[in-house]
Amino acid sequence: MGFVDLEGVRKVYGQNAVVRNFDLSIARGEFVSFLGPSGCGKTTTLRMIAGFETPSAGTISIDGRDVTGLRPNQRNVGMVFQSYALFPNLTVAENIGFGLKVARRPKGEIAARVAEMLGVIKLPQLGERYPYQLSGGQQQRVALARAIAVKPQVLLLDEPLSALDAKIRVSLRAEIRALQQDLGITTVYVTHDQEEALSMSDRVVVMSDGRVEQVGTPFEVYNDPATRFVASFVGTLSVMEALVVDGSAGRLRIDGQEVAATRAAGRARSGETRSVALRPEAVTLGAPGEGRNRMRGTIEDVAFLGSVVRIRVRFGESALSLDTFNSPGSPPPAKGAEVTVGFGRDDLLLLEAS
Amino acid sequence: MSKPRLGPWIALVLAAIYFIVPLAATFEFSLRKRKGEYSFDAYRWLFDDPRFIESFLYSTTVAIATIVVGILLVLPTAYTIRVRLPRLRPLVEFMTLLPLVIPAIVIVFGYLRLYNSSSWLPMTSSARATDVLLVFAYVTLAMPYMYRAVDTGMRAIDAQTLTEAAQSLGAGWLTIMVRVILPNVRVALLSGAFLTFAIVIGEFTMASLLDRPAFGPYMNYIGTNRAYEPSALAVIAFAVTWACMGLIQLVGRGRKTTA
């Protein structure tokens, strides 16, 4: 039993099941992200934990207490919204102290806690400003301080960085993670940004169409995706069709070129066609060393992404992408050039049979 | 430097002529009571007439009561529709628009039929009860303006998310209404209130058919019995309306909200 437990949680609107049999156990102090595309049910699940939505079935408990039927103001959860949701008529300090004032804490205690929170979010001078006088990043910091000022048992964040520009997003996500670790607060974070989820979380819950596709550490989810959806949604993948030459040995043929896949050994039947996938960073340009797969192909496209150059190589029906670091001394090969690429036998992922 | 554009200026001048000339003519006519020279005699006559002050005070009192009842009715309704029952919004919007479609005379005859002295709820049997009925009638009449003003205010502050934020901080419904929603829709409420005031202060049909000593029937009486005073009264009515509009602008300059 975890600190936050969701058991068989479902949410149905009319005939439409938005969340289907969601089971999850979150440990005390853990940072868990719900990751998935729009409409996958991640925000609805978060809102059910917060109490803004009532589950159609299942139970939600926090620290052993069943909170399924409790109103949001009885759950002791802090919530941070995408739109900040600061109270426009209150100053920064009044916003942060709102929850404490509602709880009728003594004035001195509220003032001390507000000052402490302003220090934590590194805005000690801005207590008397109004929300409209702050930048988006500052507003979200205040929203975070407001949510944690009341010392909630669980902190819920609903795409808190989506409305911010890229640079602030990166710095703020590091701040949120550091703060979460400092306070040891159990946190559930909703995002559709895989980089955010992978970089911040202890565990990631990948969701699709109201279902949990995979729960695992960022390393597990990225390197060993459980389903085709996870493989395609998390990171960039080149998916190719392969004929299984020898299932027990993991020998496959892609567009007439034979490769070995350790992960396919014993998991595929000889003679069947299976989808396999490769991450761009697993593929190298040029003749590979001993013990690695090699394939010959033609460069179809070269995309310059700054520090990285993404090259697409075609083998016939199949194609894969590979990333190389940008080097001013050696420009990338031209389109149409014949090249050899290499990748490790462990790198080829075998996707589930469709 | 870009050249000054002539088109907008022509449009502005034409609009100014369209609106200002009749008003200026009315004002000029109101000053002609004394033969051969301009004077404020018509205005003086009006201010000396006790019915002017009485009817104006009566209508002001009714307008304030209408605003209070309107806010008590519309604020929780608009809030509930926006936060709890958004599916009912089309129905409620349709209902709040009905007073614009149904003529006031039809509404007041409906009231008279329903609440006459021999009905189950005889609201017209005494002056006080009829005053209450008039207030309710005006609440209905001002509903499209009040509801729209409040609903726009709710939308501007994203009442749903603010409510959820306050709830997650432990606040109950009363705290949310008093400390979060009300202060943030203050400008919208005042806007609705001033529009209501402007409507009620000059309303004729309902007050006349319910036989109440309001400012609208008084203006009509003066219009049919005096020469220069109606023009003076029209100018005063304009001044009151403009004062209301000015107050909306003044209050609207308050604090900005978050984006």
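Residues numbered from 1 in each chain as written. Chains lettered and ligands numbered in written order. Predicted model: local features only at pLDDT ≥ 70, side-chain atom pairs only at ≥ 80, totals over all residues. Heavy atoms only, no water.

1. Thoughts on the sheet that holds strand β18 (residues 319–325) of chain A
Residues and elements named next belong to chain A.
Next, step 1: The strand order across the open sheet built from five strands is β15-β19-β16-β17-β18, with neighbouring strands paired in antiparallel fashion. Looking at which strands have only one partner, the edges of the open sheet turn out to be β15 (283–285) and β18. Averaged over all pairs of adjacent strands, the angle between strand axes in this sheet comes to 45°, irrespective of strand direction.
Next, step 2: With seven bridges connecting them, strand β17 (residues 308–314) and β18 associate as antiparallel partners. (Pairing = 2+ DSSP bridges. Helix = DSSP H or I, 4+ residues; strand = E, 2+ residues; numbered from the N terminus. Axes fitted to C-alpha atoms, helices over the stretch in contact; angles between N-to-C directions.)

2. Section: the side chain of R274(A)
Residue and element names in this part refer to chain A.
Next, step 1: By secondary structure assignment, the location of R274 is in strand β14 (residues 273–278).
Next, step 2: One polar contact links the side chain of R274 to the main-chain carbonyl oxygen of R267, over a distance of 3.4 Å.
Next, step 3: Side-chain polar atoms of R274 contact the backbone oxygen of L351, separated by 2.9 Å. (Polar contact = N/O pair within 3.5 Å; in protein donor to acceptor, adjacent residues only side chain to side chain.)

3. Re unusual backbone geometry
Negative phi is the rule for most residues except glycine; trans is the rule for most peptide bonds.
Next, step 1: Notably, A85(A) is not glycine yet its phi reads approximately 55°, a positive angle.
Next, step 2: The residue A85(A) is located in the loop between β6 (77–80) and α2 (92–102) in this model.
Next, step 3: The backbone of D211(B) shows a phi angle near 60°, a positive value even though the residue is not glycine.
Next, step 4: Along the polypeptide, D211(B) turns up in the loop between α10 (205–209) and α11 (215–225).
Next, step 5: Its relative accessible area of 61% is what places D211(B) among the exposed residues. (Buried < 20%, exposed > 50% of the residue type's maximum accessible area, 1.4 Å probe, protein only.)

4. Topic: the environment of L243(A)
Residues and elements named next belong to chain A.
Next, step 1: The residue L243 is located in strand β11 (residues 238–246) in this model.
Next, step 2: L243 sits 83 residues away from N326 along the chain, and the two C-alpha atoms are 34 Å apart.
Next, step 3: If we ignore the near neighbours within four places in the chain, the residues touching L243 are R251, L252, R253, G271, E272 and T273. (Contact = heavy atoms within 4.5 Å.)

5. With respect to the interface of chain B and chain A
How big an interface is tends to be stated in terms of accessible area lost as the parts join.
Next, step 1: With 22 residues of chain B at the contact, the number on the chain A side is 24 residues.
Next, step 2: Taken together, chain B and chain A are joined by one salt bridge.
Next, step 3: Two residues, E164(B) and R47(A), come together in a salt bridge whose shortest N-O distance is 2.5 Å.
Next, step 4: The tally of links between chain B and chain A comes to four residue pairs in polar contact (both at pLDDT 80 or more).
Next, step 5: Ranked by residue count, the leading element in the side of chain B that touches chain A is helix α7 (residues 159–168) of chain B, at eight residues. (Salt bridge = Lys/Arg side-chain N within 4 Å of Asp/Glu carboxyl O.)

6. Some remarks on the packing of aromatic side chains
Next, step 1: As enumerated under the stated definition, the model contains 18 aromatic pairs over all chains in all.
Next, step 2: With a centroid separation of 6.3 Å and an interplanar angle of 15°, the aromatic rings of F52(B) and F56(B) are classed as stacked. Placement of the pair is F52(B) and F56(B) together in helix α3 (residues 50–83), with a separation of four residues, close to one helical turn.
Next, step 3: Overall, the relative accessible area of 3% leaves F52(B) in the buried class.
Next, step 4: For F56(B), a relative accessible area of 23% gives the class partly exposed.
Next, step 5: One aromatic cluster is present, built from ring pairs that chain together F47(B), F52(B), F56(B), F215(B) and Y218(B).
Next, step 6: In this structure, R146(A) is placed above the aromatic ring of F87(A), and the distance from its NZ or CZ to the ring centre is 4.6 Å.
Next, step 7: The ring of W45(B) has R226(B) lying over it, and the distance from NZ or CZ to the ring centre is 4.0 Å. (Phe/Tyr/Trp six-rings, centres within 6.5 Å; stacked < 30°, edge-to-face > 60°. Lys NZ or Arg CZ within 6 Å of the ring centre and 35° of its normal.)

7. Topic: the layout of surface pockets
Next, step 1: Estimated volume of the largest pocket: approximately 580 Å³.
Next, step 2: Around the largest pocket, the lining is made up of 24 residues, and of these F52(A), E53(A), V83(B), R84(B) and Q160(B) lie nearest the centre.
Next, step 3: Broken down by secondary-structure element, the contributors of at least two residues to the lining of the largest pocket are β1 (4–13) of chain A together with α7 of chain B.
Next, step 4: Broken down by element, the residue count for the lining of the largest pocket peaks at four residues, all from α7(B).
Next, step 5: In the lining of the largest pocket, the residues fall into nine nonpolar, seven polar and eight charged. (1 Å grid on protein atoms, 1.4 Å probe; cavity = no way out; pocket = protein on both sides within 12 Å on 5 of 7 lines; lining within 4 Å. Points joined across faces, edges and corners; volume = space filled by probe spheres on them. Nonpolar A, V, L, I, M, F, W, Y, C, P; charged D, E, K, R; others polar.)

8. A closer look at the side chain of N184(B)
Next, step 1: Mapped onto the elements of the fold, N184(B) is located in helix α8 (residues 173–184).
Next, step 2: Residue class for N184(B) comes out buried when judged on its relative accessible area of 13%.

9. Here's the deal with the confidence of the model for chain B
All names here are of chain B.
Next, step 1: Averaged over all residues, the pLDDT of chain B equals 89, while 96% of them reach at least 70.
Next, step 2: At the level of individual helices and strands, chain B shows its lowest average pLDDT in helix α12 (residues 229–252), which scores 82, and its highest in α7, which scores 94.
Next, step 3: On the interface metric, ipTM, the complex scores 0.83, and its pTM is 0.80. (pLDDT = per-residue confidence, 0-100.)

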